[in-house]
Amino acid sequence: ATAWPLFSYCSKVWIPDNEEVWQSAEITKNYKAGDLFLHVQLEDGTELNYPVDPAALPPLRNPDILVGENDLTALSYLHEPAVLHNLKVRFVESKLIYTYSGIILVAINPYKQLPIYGDAIIHAYSGQNMGDMDPHIFAVAEEAYKQMARNNKNQSIIVSGESGAGKTVSARYTMRYFATVSKSTSNAHVEDKVLASNPITEAVGNAKTTRNDNSSRFGKYTEISFDQSYRIIGANMRTYLLEKSRVVFQSENERNYHIFYQLCASAMQPEFQHLKLGSAEKFNYTRMGGNTVIEGVDDRANMVETQKTFALLGLKEDFQMDIFKTLAAILHLGNVEITAVGDERSSISLEDSHLNIFCELLDLNFDKMTQWLCHRKIITTSETVIKPMTKPQAVNARDALAKKIYSHLFDFIVERINQALQFTGKQHTFIGVLDIYGFETFDVNSFEQFCINYANEKLQLQFNLHVFKLEQEEYMKEDIPWTLIDFYDNQPVIDLIEAKMGILELLDEECLLPHGTDENWLQKLYNNFVNKNALFEKPRMSNTSFIIQHFADKVEYKCEGFLEKNRDTVYEVLMEILKESKFRSSLSLLMETLNATTPHYVRCIKPNDEKQPFEFDSKRVAQQLRACGVLETIRISAQSYPSRWTYIEFFSRYSILMTQQELSLNDKKQICKIVLQRLIQDPNQYQFGRTKIFFRAGQVAYLEKLRSDKLRHACIMIQKNVRGWLQRKKFLRIKQAAVTIQQYFRGQQAITARALKQTWAAIIIQKYCRGYLVRKLCQLIHVAAVTIQAFTRGFLARKKYRKVQPIKNSYFSSWKQLLLYKKDGDKGSDPYYFTFCMSGSHIFYSFSTHFLKTQSPLSLLSAGKEKHPFIVLFRVLEKKIQNQKQDYEKEIELLKGEIKVLKEEKSQLQQQIQQEIIIQDGLKIEVGQLTKQAQPRGVVVNTIPGLPAHILFMCVRYADYLNDADMLKSFINVTIDGIKQVVKENSENFEMLSFWLSNTYYFLNCLKQYSGEEEFMKSNTPRQNKNCLKHFDLSEYRQILSDLAIRIYHQFIVVMENNIQPMIVPGMLEYESLQGISGLKPTGFRKRSSSIDDTDTYTMTSILQQLSYFYSTMCQNGLDSELLKQAVKQLFFLIGAVTLNSLFLRKDMCSCRKGMQIRCNISYLEEWLKDKNLQSSNAKETLEPLAQAAWLLQVKKITDDDAKEICEHCTSLSTVQVMNHLFYSGTDCRILPI
């Protein structure tokens, strides 16, 4: 038998379960074709042999990467258990209430207030694409608003679901979103009035039911109008299917409409005492349910809120009081006692206080009311007959009157609200918000459920056609052949109800008959449809009911009351009931309106009947998913190509399955095609589009299995090598230990007496041998040293001798000549003798040094040797030296005089130069700067930084020099106006704004420094103080310039933020620069805007380049360093805040891999700051919350110690933010088991 690869060992399947609808099981043995049982193990460990039909095997479970996916259409296996499981994981584990299902937003009521609807969240979703953010009601509203603005086409948002599912809240939030993002420019505050209409309609149209404390008991279509600037200018409201029967009857534990209880709770207030009301328990119409109070609801406070909203809409107190009178009259009418008079008649006491109050409040005739409540008029062709009514008939007439009054009052209130929301301008486009009952089925279903389900059939048909239209457009856009897909067409059901001789026409016909009854009408239905129309059935055990097979489920309707309730809309007699055609015509008008708009769908789901927060009842949810069309959408998607990946996503995810040869190609699209053709042999299982690859159901799961197997094998290979390395390392340690042990063991065995003697003898031999060698070496060194010393000493002696020999020879030669000359007589006065002596002075000096060491001149004099040649020579030289000394002293005196004169002249010249420098200082600076810039560059940012500011200030100084106040005033005004004009004309030009911000700031600082600003003048030098203005105080202009600089700075920051903001999320969050950590998932119908094509995708490099451009431009313009640092700090704060907010709003980004990537990107930003020497700007600190969030994604979150570490580390994050990050799916960091 052939094995089925998808139903192999360890694969997971879903099998039916009575409690949870479906439960997961793991296959424990490969399934082979023809096997009658599937061997599985349940999650609780139970082994089970599950009987299977080979033609219909159990549905397979999706791979872990798709668990908790935010779009159900991104699931590889599309079926009911996959949808239920995905919704449960998101709702129960991740506390996420919104999930996409193609074009539908599935909203599960959490029964708990969540902090996800504030203005900050609204602004976070504003301007974003649906696929770029987590699913949210605001994302749907933004998509509708964006499509309206982009395509100039009207939009509609259809919110449906059963009672208690949260329809009203969802519709309210969509309107609040539009009111926030499209503020009107007028003083009328139209958007506030639109929002104010909600509390009023909820008060008069909502009630407590067993399923919901604030259930809408009517359908509402609110049309919000926009002008050409897409700002709200007005609104209009249409209502459908008001549940009038609730006015006179409520089931157990239910209430009447809220407004009645608000009025009763305020009965003791002075303005309401004339209504003569009391506690709600005193009136029949408010006490039928047995409980008049809702836990946690203050009806008195709600009444005050209702009155405020009436006033906000411009409905004055007189109008409000008329409404309250009518409501009070209805309550009193319900307490009117009708007494039976025999079997055919009835009467009302003339002293009935409640009827008296009823007539008094409505200004009616008491006698006539008494008569016509107990009688009816029958008009025939020949006469008019007044016929008395029995007590039951009279009670029905009373209740019919109460229902009619309330219905008219409701319509009147809606009409007045519409008048208050009217607008004078022309409507350009609109967005409609439809809040209507979903498909309903109860134990007993009557005319109201029939109408609701009929309306839902029409809406479902419109939904089906729209889904197919979008599918066809998607296929055509991707150039994929369109094939017709089989789907459930509910047009036959609609024909059964509304076609000629259908259910409604037969009902109208029976109502026209004088003696028509419910039973007769039902019999006609049996005759016309039983066994003739497959969608109509007769119950086996009942003759008073009929069954219709709706698109969602079979519903059994009891015919009792159909005629009576339908007559409310056919006859215009005593009760002035509207014709039935009004409902069908208004429903037809609604469908025409919806078909002319682009619809957006919100399906609200009730998770449990006990209203427990975040409790998931799989049975109830599955029932609603079938009823609201979500599963039908999934089934349609599963028949075509449900999984859709862009080529970039596929390449990033499955590059691990590609060979080196395939990866060597440059075209990623071609690589994907080659790889896919190799991996999936059947070409019918996928289609290549222009930007995306379309997969049949299950193919992505198959690719995930291949990827998982590849990773498993890689993990095994790594483990094998690591374990081998560890074992080899362990073996080498053991081997070394064994060798060491063997060494010591063998050594121990070898220690004997002979071995000891031999060892001692060896040591003695070594000792003497080493001594001999050392002595021999020492002798050699000694001989060498003596030889070196001998040669060195001889060399030094010869060198000394050579120095002394010339002096000795010269001395003896001169001395000899002197003695010979002396013998010829006394030649002391002979000039030649003196010359000889002088010429020999240098010889004397050299000789005297030697002579004085041996003999002192005093000793020669004392010995009477005055004629000694040395003494004679000494005296001659002494005389000559004294004469030279006198000449030198005279010369020094003359030079000192000349120096003194030169100093005085220098001082005078310095003073003159200093004065000239002070006078011409300002001009010299400007001339010097102009000289350096002799060649103009033609671009404003390349001029001298601050040059315009300095020129402007020189003009101010010139006006001050002339003392011309008019000139100064005119000049400064023209300057300020000119700067304003330039900034206005270039409000989006960053370079121009930077240029004028720098110069305006410099000009302002010049005025502060030189026109009397004490703080600035404190640090002035005396030279700078001489340049201060002398005639004018410019404090007024300084303030104006300061305001202008602030304005320019704000615009400057806005332009920078607008330029860099589109790059932040793609660059910081979506782009993955780290190799091997790709965490891309399939995007389903709501594709990410950045996943379409990578040619224009922003990266981290884009952000750094943009920051560098900002920085270089600011530096070129000479922007003040403090302003520059502040601007950089604000940019970094924006980067951190936008990234962090997007991270909180995108659970698909909350992963260990993404935390690693974010920390890497933060390091790039820090490096940029360091490179630009901007560490002192404190910009790095603004990224701290983002860094802590990234760390939190990576850290372990299991034990109490982990929680303590998180608390200590995440000081910049709030508790809510930390909790948000604790519930992400960590499958991306899990190690595959072996």
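Residues numbered from 1 in each chain as written. Predicted model: local features only at pLDDT ≥ 70, side-chain atom pairs only at ≥ 80, totals over all residues. Heavy atoms only, no water.

With respect to the overall build of the chain
Okay, step 1: Each helix and strand counted, the chain has 41 helices and 23 strands in total.
Okay, step 2: Here the chain, with 1234 residues, has 45% of them falling under the buried criterion.
Okay, step 3: Restricting the contact set of the chain to residue pairs at least 6 apart, pairs at least 24 apart contribute 68%.
Okay, step 4: As displayed, the chain has an accessible area near 65500 Å², and 54% of this comes from carbon and sulfur atoms. (Helix = DSSP H or I, 4+ residues; strand = E, 2+ residues; numbered from the N terminus. Buried < 20%, exposed > 50% of the residue type's maximum accessible area, 1.4 Å probe, protein only. Contact = heavy atoms within 4.5 Å. Areas by Shrake-Rupley, 256 points an atom, 1.4 Å probe, with all protein chains shown as cover.)

With respect to the environment of Lys611
Okay, step 1: Mapped onto the fold, Lys611 is located in the loop between strand S20 (598-605) and helix H19 (618-627).
Okay, step 2: Aside from chain neighbours lying at most four places away, what touches Lys611 is Tyr111, Thr209, Thr210, Arg211, Asn212 and Asp213.

What to know about the sheet that holds strand S3 (residues 37-42)
Okay, step 1: One open sheet holds the four strands; their spatial order is S1-S2-S3-S4, and the pairing between them is antiparallel. Whereas interior strands pair on both sides, the edge strands pair on one side only; in this sheet they are strand S1 (12-17) and strand S4 (47-51). Across the sheet, the mean angle from the axis of one strand to that of its neighbour is 50 degrees, orientation sign disregarded.
Okay, step 2: The strands touched by helix H1 (residues 80-93) are S1 and strand S2 (21-27); relative to S2, the strand with the most contacts, the crossing angle is about 100 degrees. (Pairing = 2+ DSSP bridges. Axes fitted to C-alpha atoms, helices over the stretch in contact; angles between N-to-C directions.)

Notes on the pattern of salt bridges
Okay, step 1: Under the criterion given, the structure shown has 24 salt bridges.
Okay, step 2: Glu20 is the partner of Lys88 in a salt bridge, and the nearest nitrogen-oxygen pair spans 3.4 Å. Residue Lys88 is found in helix H1, and its partner Glu20 is found in the loop between S1 and S2; the two are separated by 68 residues along the sequence.
Okay, step 3: Glu20 sits in the partly exposed class, given a relative accessible area of 35%.
Okay, step 4: Here the salt bridges share partners, and the residues they tie into one network are Glu162, Lys606, Asp609 and Arg620. (Salt bridge = Lys/Arg side-chain N within 4 Å of Asp/Glu carboxyl O.)

Notes on the packing of aromatic side chains
Okay, step 1: Counted under the stated rule, the structure contains 40 aromatic pairs.
Okay, step 2: Aromatic side chains Phe536 and Phe546 sit 5.7 Å apart centroid to centroid with 10 degrees between the ring planes, which places their arrangement in the stacked category. A residue pair is termed long-range when its members are at least 10 positions apart, and Phe536 in strand S17 (residues 536-537) and Phe546 in strand S18 (residues 545-549) qualify at ten residues.
Okay, step 3: Classification of Phe536 by relative accessible area gives buried; the value is 3%.
Okay, step 4: Joined through ring pairs, the aromatic side chains of Phe447, Phe450, Trp521, Phe529, Phe536, Phe546, Tyr557 and Phe562 make up one cluster.
Okay, step 5: One cation-aromatic arrangement involves Arg416 over Phe319; the distance from NZ or CZ to the ring centre is 4.3 Å.
Okay, step 6: Positioned above the aromatic ring of Tyr526 is the side chain of Lys538, whose terminal nitrogen or guanidinium carbon lies 5.4 Å from the ring centre. (Phe/Tyr/Trp six-rings, centres within 6.5 Å; stacked < 30°, edge-to-face > 60°. Lys NZ or Arg CZ within 6 Å of the ring centre and 35° of its normal.)

Thoughts on the nonpolar core
Within soluble globular proteins, side chains that are nonpolar tend to cluster in buried spots.
Okay, step 1: With 172 residues, the main nonpolar core has Phe178, Ile259, Phe324, Tyr406, Trp521 and Phe546 as its most contacted residues.
Okay, step 2: Ranked by residues supplied to this core, first place goes to helix H12 (residues 391-420) with eleven residues.
Okay, step 3: Core analysis: the second largest hydrophobic core is formed by 79 residues, Tyr1010, Val1065, Ile1135 and Ala1190 among them. (Core = buried A, V, L, I, M, F, W, Y, C linked by side-chain atoms within 4.5 Å.)

Here we look at helix H8 (residues 299-312)
Residues lying three or four places apart along an α-helix face the same way, a consequence of the helix completing one turn every 3.6 residues.
Okay, step 1: In a regular helix each residue adds 1.5 Å, so 14 residues correspond to 20 Å; H8 covers 20 Å between its end C-alpha atoms and thus fits that length.
Okay, step 2: Residues of H8 that are buried include every one of Asp299, Met303, Thr306, Thr309 and Phe310, and no others. For H8, the arc enclosing every buried residue in end-on projection is 125 degrees, short of the 170-degree limit, so these residues lie on one face.
Okay, step 3: Backbone nitrogen of Arg300 and a side-chain oxygen of the N-cap are separated by 3.1 Å at the start of H8; the cap is Asp298. (Expected span 1.5 Å × (residues − 1). Arc of directions from axis to C-beta. Polar contact = N/O pair within 3.5 Å; in protein donor to acceptor, adjacent residues only side chain to side chain.)

Brief notes about helix H15 (residues 503-512)
Okay, step 1: A large share of H15 lies buried, amounting to seven of its ten residues.
Okay, step 2: Turning to H15, its buried residues are Ile503, Leu504, Leu506, Leu507, Asp508, Glu510 and Cys511.

A short note on the UniProt feature "binding site: ATP" (unreviewed entry) in the chain
Okay, step 1: Following the UniProt record, one finds the feature "binding site: ATP" (unreviewed entry) at Gly161, Glu162, Ser163, Gly164, Ala165, Gly166, Lys167 and Thr168.
Okay, step 2: By the secondary structure assignment, Gly166 is in the loop between strand S7 (155-161) and helix H4 (167-181).
Okay, step 3: With a relative accessible area of 17%, Gly166 lands in the buried category.
Okay, step 4: Setting aside residues no more than four positions away along its own chain, Gly166 makes contact with Asn109 and Cys604.
Okay, step 5: Looking at the element boundaries, Lys167 is found in helix H4.
Okay, step 6: Its relative accessible area of 6% is what places Lys167 among the buried residues.
Okay, step 7: Contacts of Lys167, omitting those with residues within four sequence positions, involve Val159, Ser160, Gly161, Glu162, Asp435, Ile436, Tyr437, Gly438 and Cys604.
Okay, step 8: Only 3.3 Å separates the side chain of Lys167 from the backbone oxygen of Glu162, close enough to count as a polar contact. (UniProt positions renumbered as here; feature names shortened; annotations may be inferred.)

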